[in-house]
Amino acid sequence: MKKNIVILGTQWGDEGKGKIVDCLTSDGSYVVRYQGGHNAGHTLVVNEKKIILHLVPSGLLHNNVTGIIANGVVVSPLELIKEIKMLEENNVFTRKRLFISNSAPLILQYHIEMDIAREKRLGINLLGTTGRGIGPAYEDKIARRALRVGDLKNEKVLSSRLEKIVEYYNHQLVSFYKHKSIDYKIILKDLLPIIDIIHDMIQDTTYILHNAIKDNKKIIFEGAQGTFLDIDHGSYPYVTSSNSTIGGVMTGTGIGPKNLDYIIGVTKAYSTRVGYGPFPTELFDDIDKHFFKKGHEFGSTTGRKRRTGWLDAVSLCRAVKINSLSSLCITKLDVLDGLKEIKICTSYQNSQTLNPTSFLENNDWDSIKPVYETYPGWTKKTLGINKIKDLPYEARNYINRIEEITQVPIDIISTGPDRSDIILVRDLFYMK
Ligand code: GDP
Ligand code: IMO
Ligand code: MG
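Overview of the structure. Please read all numbers here as calculations on a predicted model, not as lab measurements.

Calculation rules
Residues numbered from 1 in each chain as written. Chains lettered and ligands numbered in written order. Predicted model: local features only at pLDDT ≥ 70, side-chain atom pairs only at ≥ 80, totals over all residues. Heavy atoms only, no water. Helix = DSSP H or I, 4+ residues; strand = E, 2+ residues; numbered from the N terminus. Rg over C-alpha atoms; globule rule 2.2 N^0.38 Å. Buried < 20%, exposed > 50% of the residue type's maximum accessible area, 1.4 Å probe, protein only. Contact = heavy atoms within 4.5 Å. Areas by Shrake-Rupley, 256 points an atom, 1.4 Å probe, with all protein chains shown as cover. Lys, Arg positive; Asp, Glu negative; His and termini not counted. Charge placed at Lys NZ, Arg CZ, Asp CG, Glu CD. Donors = N, O, S within 2.8 Å, 3.2 Å for Na, K, Ca; no water. Near = heavy atom within 4 Å. Polar contact = N/O pair within 3.5 Å; in protein donor to acceptor, adjacent residues only side chain to side chain. 1 Å grid on protein atoms, 1.4 Å probe; cavity = no way out; pocket = protein on both sides within 12 Å on 5 of 7 lines; lining within 4 Å. Sits in = over half its atoms within 2 Å of the grid points. Nonpolar A, V, L, I, M, F, W, Y, C, P; charged D, E, K, R; others polar. Domains from an automatic or database assignment. Points joined across faces, edges and corners; volume = space filled by probe spheres on them. Axes fitted to C-alpha atoms, helices over the stretch in contact; angles between N-to-C directions. Left-handed = near helix turned anticlockwise from the far one by under 90°. Pairing = 2+ DSSP bridges. Core = buried A, V, L, I, M, F, W, Y, C linked by side-chain atoms within 4.5 Å.

**With respect to the overall build of the protein chain**
No. 1: Scanning the protein chain for helices and strands turns up twelve helices and 17 strands.
No. 2: Taken over the C-alpha trace, the protein chain has a radius of gyration of 21 Å; the compact-globule value for 432 residues is 22 Å, and the two agree within 12%.
No. 3: Once the C-alpha set of the protein chain is aligned to its principal axes, its extents read approximately 65 × 50 × 40 Å.
No. 4: Taking all 432 residues of the protein chain together, the buried fraction comes to 57%.
No. 5: Restricting the contact set of the protein chain to residue pairs at least 6 apart, pairs at least 24 apart contribute 77%.
No. 6: When the accessible surface of the protein chain is split by element, carbon and sulfur atoms take 52% of a total near 18700 Å².
No. 7: Counting 56 positive and 49 negative side-chain charges, the protein chain places the centres of these two groups 2 Å from one another.

**Brief notes about the coordination of the magnesium ion (ligand 3)**
No. 1: All of the protein donors around the magnesium ion (ligand 3) are Asp-14 (OD) and Gly-41 (O); their distances to the metal are 2.0 to 2.2 Å. You can see Asp-14 sitting in the loop between strand S1 (4-9) and helix H1 (17-24) and its partner Gly-41 sitting in the loop between strand S2 (30-33) and strand S3 (42-46), a full 27 residues away along the chain.
No. 2: A relative accessible area of 10% means that Gly-41 is categorised as buried.

**Notes on the site of ligand 1**
No. 1: Near ligand 1 lie 18 residues; those nearest to it are Lys-17, Thr-43, Ser-300, Asp-334 and Ser-414.
No. 2: The separation between an oxygen atom of ligand 1 and a polar main-chain atom of Gly-16 is 2.8 Å.
No. 3: Between an oxygen atom of ligand 1 and a main-chain N or O atom of Lys-17, the distance comes to 2.8 Å.
No. 4: In the complex, the protein chains occlude 94% of the 590 Å² of accessible area that ligand 1 would expose alone.
No. 5: Mapping ligand 1 onto the cavity grids shows that it belongs to the second largest pocket.
No. 6: The set of elements that each furnish at least two residues to the shell around ligand 1 consists of H1 and S3.
No. 7: If you tally residues by element for the shell around ligand 1, the top one is H1, at three residues.
No. 8: Taken together, the residues that form the shell around ligand 1 break down as two nonpolar, nine polar and seven charged.
No. 9: Of the residues that make up the shell around ligand 1, three or more belong to each of domain 1 (4-101 + 202-262) and domain 3 (267-424).

**Looking at the layout of surface pockets**
No. 1: By volume, the second largest pocket amounts to about 590 Å³.
No. 2: Along the walls of the second largest pocket sit 26 residues, with Thr-43, Gly-295, Arg-306, Lys-332 and Pro-417 positioned nearest its centre.
No. 3: Elements with a minimum of two residues in the lining of the second largest pocket: H1, S3 and strand S4 (49-53).
No. 4: Taken together, the residues of the lining of the second largest pocket sort by class into five nonpolar, twelve polar and nine charged.

**Observations regarding the packing of helix H5 (residues 155-176) against helix H6 (residues 184-198)**
No. 1: The N-to-C vectors of H5 and H6 enclose an angle of 145°; their axes lie 10 Å apart at closest approach. Crossing handedness for the pair H5 and H6: right-handed. Residues Glu-155, Leu-158, Ser-159, Leu-162, Glu-163 and Val-166 of H5 touch H6, and the partners they reach there are Tyr-184, Ile-187, Leu-188, Leu-191, Leu-192 and Ile-195.

**Here's the deal with the sheet that holds strand S15 (residues 369-376)**
No. 1: Reading across the sheet, the three strands line up as S12-S14-S15 and stay open at both edges, with mixed pairing between neighbours. The open sheet is flanked by strand S12 (311-312) and S15, the only strands paired with a single partner.
No. 2: Where strand S14 (residues 341-349) and S15 come together, eight bridges link them in antiparallel fashion. In the sheet register, Lys-343 faces S15, and the bridge partner there is Thr-374.
No. 3: Helix H10 (residues 313-322) rests against S12 and S14 of the sheet, and its axis sits at about 70° to S14.

**Observations regarding the pairing of S3**
No. 1: Judged from the five bridges that link them, S3 and S4 form a sheet pairing that is antiparallel. Among the inter-strand pairings, Leu-44 is bridged to a residue of S4, identified as Ile-51.
No. 2: Where S3 folds back on S4, the antiparallel hairpin that results is connected by two residues, among which Asn-47 adopts a positive phi of roughly 50°.

**With respect to the site of ligand 2**
No. 1: Taken together, 20 residues lie around ligand 2, and Asp-14, Lys-17, His-42, Thr-130 and Thr-240 are the ones closest in.
No. 2: His-42 is positioned with one of its side-chain polar atoms (N or O) 2.7 Å from an oxygen atom of ligand 2.
No. 3: Thr-240 places a polar side-chain atom, nitrogen or oxygen, 2.6 Å from an oxygen atom of ligand 2.
No. 4: Coverage of ligand 2 by the protein amounts to 98% of the 550 Å² it exposes when considered alone.
No. 5: Among the residues making up the shell around ligand 2, the classes are represented as seven nonpolar, ten polar and three charged.

**Quick word on the nonpolar core**
No. 1: With 59 residues, the main nonpolar core has Val-75, Leu-80, Tyr-110, Leu-152, Leu-162 and Ile-198 as its most contacted residues.
No. 2: Once residues within four sequence positions are removed from consideration, Leu-152 is found in contact with Leu-106, Leu-158, Leu-191, Ile-195, Ile-198 and Ile-202.
No. 3: In this structure, Leu-209, Leu-311, Ile-330 and Ile-413 belong to the second largest nonpolar core, which totals 50 residues.

Take a look at the structure:
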């Protein structure tokens, strides 16, 4: 039985992870966010109602599920409270079933101002961050000066440390970036009412998770971002500031690898990327328009248009290895409906090295030209199909070819945005 399952992205984020987490968390599991922050935007559609979560784990729409925001996540208390309220307005209540790690670093206003000021200063070389303060917050963690969620419990210490940190940031913001300064008293004033609300949620989440494991509970670990946005394994410097690959689960929760039973990589049936950086299969033609329009490819966090392209199986094979994937979940298959032909990038031309994906490390992505295999498309709608046998032959062929290239099975196929638009090829919880 596969109890503890990791669900993470194999591309550049927005693969549809949130929907899959929601689908697999239906029966009383724990669901854990372990890295990233509110740069994530995970979309859930239940009975045509859309909810976008940035910080709260996606499985929480199921009333019997317990959510954990673990130590690897950078937490904006303001964003958290907004999300808790938004959920309450939608009759989803988090009391006694959402816990936040003591050790998670906080994102406060100075991180956001710094993120914005840095991007501005980079000019045309900007990274295209989400402007949510993610990079500066992780910098504080590594520099050992971060305020952490647990610090919210002691107002006096919080106030004096906040004053010092804001002084440090104001010096850089004003003198170097010519940006506006920040008043720590305003940050404190905004924080105090929030602390009252979240006080009891602040816990040792590692302990909670170890107990859940002891009690044989199912745990879903919900990745944010995707493999090639990882700080170590992504297209540096066009990456986020956390480990969105498998290692992030362990460092971000305090759970060891022996407790992970299954690792699913979520892969869009094509590719998208939001923000700047290399994208070998990027398209600028009518196919891009098709993906954009049919796939509604707008960022869930910033509303920016996502760049689109064909499926890149070369980097996907790398993602399989980096994350030790047990299987793949292919999402948005329905977006390919109606295309005459469909392409998969199976190699790169002009790659100077033995390792074709080394462009990710060497910054020589401009010289990379994708080489494609072409397959016939299908005209029949796949939207909402629940059984693999009901898919058009050409769609099954496409799925089979991805399995063949990556050498991992495809366990789940998503055929639409709604929770019910899904093909479970194998029952992950009950299979041996
Ligand atoms: P995440 O960040 O990986 O959770 O993905 P996002 O929520 O940012 O982006 C995925 C988008 O695709 C959302 O708008 C989802 O509602 C939508 N989506 C997810 N799965 C499918 C699918 O199989 N078909 C279609 N058409 N849309 C999907
Ligand atoms: P989910 O979890 C897609 C991208 C940003 C930018 C880069 C760095 O919804 O898949 P950051 O604000 O993290 O410093 O920005 O990373 N990015 C994402 N792209 N999906 C995400 O999350 C992302 N989170 C960050 O666009 O290019
Ligand atoms: Mg997203």
